[in-house]
Amino acid sequence: MKFQALPLVERKRDGQALGPEEIAGLVAAYVGGDVPDYQMAAFLMAVTIRGMTFDETVALTGAMLRSGRTIEVSARRPLVDKHSTGGVGDKTSLVAVPLLAALGFCVPKLSGRGLGHTGGTLDKLESIPGLRTSLDPAEFATLVSRYGLAIAAQSEDIVPADRLLYALRDVTGTVPSLPLIASSIMSKKLAVSSRLILLDVKVGDGAFFPDEATAAEFAQLAIAIGRSFGRDTRALLTRMDAPLGLAVGNALEVREAVACLQGQGPEDLRDVAVTLAAEALHAVYGLGRDDAGQRAWQALESGEAYQLFRRWIPSQGGDVTFLEQPDRWPKAAATGVSRATRDGYVHAIGARAVGEAARLAGAGRLRKEDAVDAAAGVEILAPLGSEVRAGQEVLEVHASGSEQLAAALERLERVVEIADEPPQLENAVVCAFDKNGRREEW
Ligand code: URA
């Protein structure tokens, strides 16, 4: 007889805790094709509403991890992995991963695609012509030892349970759940033999954790899961009230990340990438945070991280000449702008609405089978704190077609708040959590 998922769905719906064997059975049967998507979607919704105990979350993480192979990377340098909980305009990995490699770490990174209103590193990278994120475990390990970094997708061999659950969660309203996010991220991170797992926990309107208390709870949960698998896991809390940088959408974000690696680009993006790299130096070598920050800053400013990025892109099939020829970047089928409603200073740019608008414009998926449009997204023309006049263009939408453009522009109505006084701009990094889950100020 086939695996019976229905009783587990019903018990979770009623708020009961499931045992580790039940969770393992459900995950294995789903990956084996014995549980249909509609029952798994119902289970995920029950978890999103009812939650999971710590033991259940560890069991789910372990079951997802065991759905595929684990990858041993042999490298003489310390292996460090970095993962974000998801944000809008969050192209941090594209900068932080080569920066970590430039600082002497090896970075074997399994990433995700767009999820809900947030973008995903894989979709961003795939806007570079030829770039492959589907690597088998042996190729992935070889690239990491040879180039110091590799970024790959979940596959039939690598955490297949996350590959399937991730795509299902994206289109069933079951993303914002602490246990589902924690098990998704940690199963990918534990699948690779990294010495340090560094989490960028986003907090704010555009994140899956709207306030500091929830973000801290998540950081401590993920760190505790890491500890229960014997791994050093740490976290930074970083702000996601406004989009990170000025570009939201796949190719637009790659362009901004490249600018950042070339020593330009927005300050908030540089701050987050440099702080993450510094946290790795602090955790692995015990460097003081100021020293670590300076070393990381220098590796970015000197162009070392960019040189590494340029060497690495072709190793995964990407056309590196494309990065330096702006006229070859994909162009959206339709573009339009939203304008300032009054004179004043840009006080807030709602990150969630911008992420949702980018998704509607074609940068993300509304159904599992949707393709993403590399050119689609939203550009911020008037950054936070800038002075604007009524009627001035503040946001530009790049869309796959006129319908998508209209939907995105409608979503962006009243998203840019304008006030008489400039806002108080806050640091992008809020605080850190050490391997025991203790909060530390940066
Ligand atoms: N990143 C992931 O890999 N999974 C999530 O659920 C959220 C962010």
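Thresholds applied
- Throughout, residues of each chain are indexed from 1 in the direction in which the sequence is written.
- The predicted nature of this model means local features are confined to residues of pLDDT at least 70 and side-chain atom pairs, given and counted, to a pLDDT of 80 or more, with totals for whole chains, interfaces and linings taken over all residues.
- Processing note: side-chain calculations cover all non-hydrogen atoms of the structure and skip hydrogens and water entirely.
- Numbering goes from the N terminus for both helices and strands, where a helix is a DSSP run of H or I of at least four residues and a strand is a run of E of at least two.
- At least two bridges found by DSSP between two strands are what make those strands a pair.
- We call two residues contacting when some pair of their heavy atoms lies within 4.5 Å.
- Here an axis means a line fitted to C-alpha atoms, over the contact stretch when the element is a helix, while the angle between two N-to-C directions is reported on a 0 to 180 degree scale.
- A molecule or strand has a residue near it when one of that residue's heavy atoms lies within 4 Å.
- Polar contacts, as counted here, are pairs of nitrogen or oxygen atoms within 3.5 Å of one another; within protein the pair requires one atom able to donate a hydrogen and one able to accept it, and residues that are adjacent in sequence qualify only if both atoms are side-chain atoms.
- By the convention adopted, Pro, Cys, Tyr, Trp, Phe, Met, Ile, Leu, Val and Ala count as nonpolar, Lys, Arg, Asp and Glu as charged, and the other residues, Gly among them, as polar.
- Between the first and last residue of a helix there are one fewer steps than residues, each counted as 1.5 Å, and that sum is the expected span.
- Exposure categories follow from relative accessible area, calculated using a 1.4 Å probe and restricted to protein chains: below 20% of the type maximum is buried, above 50% is exposed, and the middle band is partly exposed.

**Observations concerning unusual backbone geometry**
Unlike most non-glycine residues, Val-159 shows phi in positive territory, near 30°. Among the secondary structure elements, Val-159 is positioned in the loop between β3 (149-152) and α8 (160-170).

**Describing the sheet that holds strand β6 (residues 247-248)**
Note on sheets: strands pair through backbone hydrogen bonds, and any given pair is parallel or antiparallel. Spatially, the four strands line up as an open sheet ordered β6-β9-β11-β7, and their pairing is antiparallel. The open sheet is flanked by β6 and β7 (334-339), the only strands paired with a single partner. Across the sheet, helix α16 (residues 402-411) lies against β7 and β11 (393-399), angled at about 15° from β7, the strand it touches most.

**Some details on the site of the ligand**
The environment of the ligand is made up of His-83, Ser-84, Thr-85, Leu-115, Tyr-166, Arg-169, Ile-181, Ser-184, Ile-185 and Lys-188. Between the ligand and His-83, the relevant distance is 3.0 Å, taken from an oxygen atom to a side-chain nitrogen or oxygen of the residue. One nitrogen or oxygen atom from the side chain of Arg-169 is found 2.8 Å from an oxygen atom belonging to the ligand. Where the shell around the ligand is concerned, the elements lending two or more residues are β1 (80-84), α8 and α9 (178-190). Within the shell around the ligand, the residues separate by chemical class into four nonpolar, four polar and two charged.

**Observations regarding helix α3 (residues 37-50)**
Between its first and last C-alpha, α3 extends 19 Å over 14 residues, near the 20 Å set by a 1.5 Å rise per residue. Residues of α3 that are buried include every one of Gln-39, Met-40, Ala-41, Phe-43, Leu-44, Ala-46 and Val-47, and no others. In this structure, the buried side of α3 is in contact with α1 (6-13), α2 (20-31), α8 and α9. Directly beyond the C-terminal end of α3, a positive phi value near 80° is found at Gly-51.

**Re the environment of Gln-264**
Tracing the backbone shows Gln-264 in the loop between α11 (250-261) and α12 (267-285). The sequence separation of Gln-264 and Glu-301 amounts to 37 residues, and the corresponding C-alpha distance is 8.9 Å. The contact partners of Gln-264, leaving out residues within four places of it in the chain, are Ala-259 and Arg-270.

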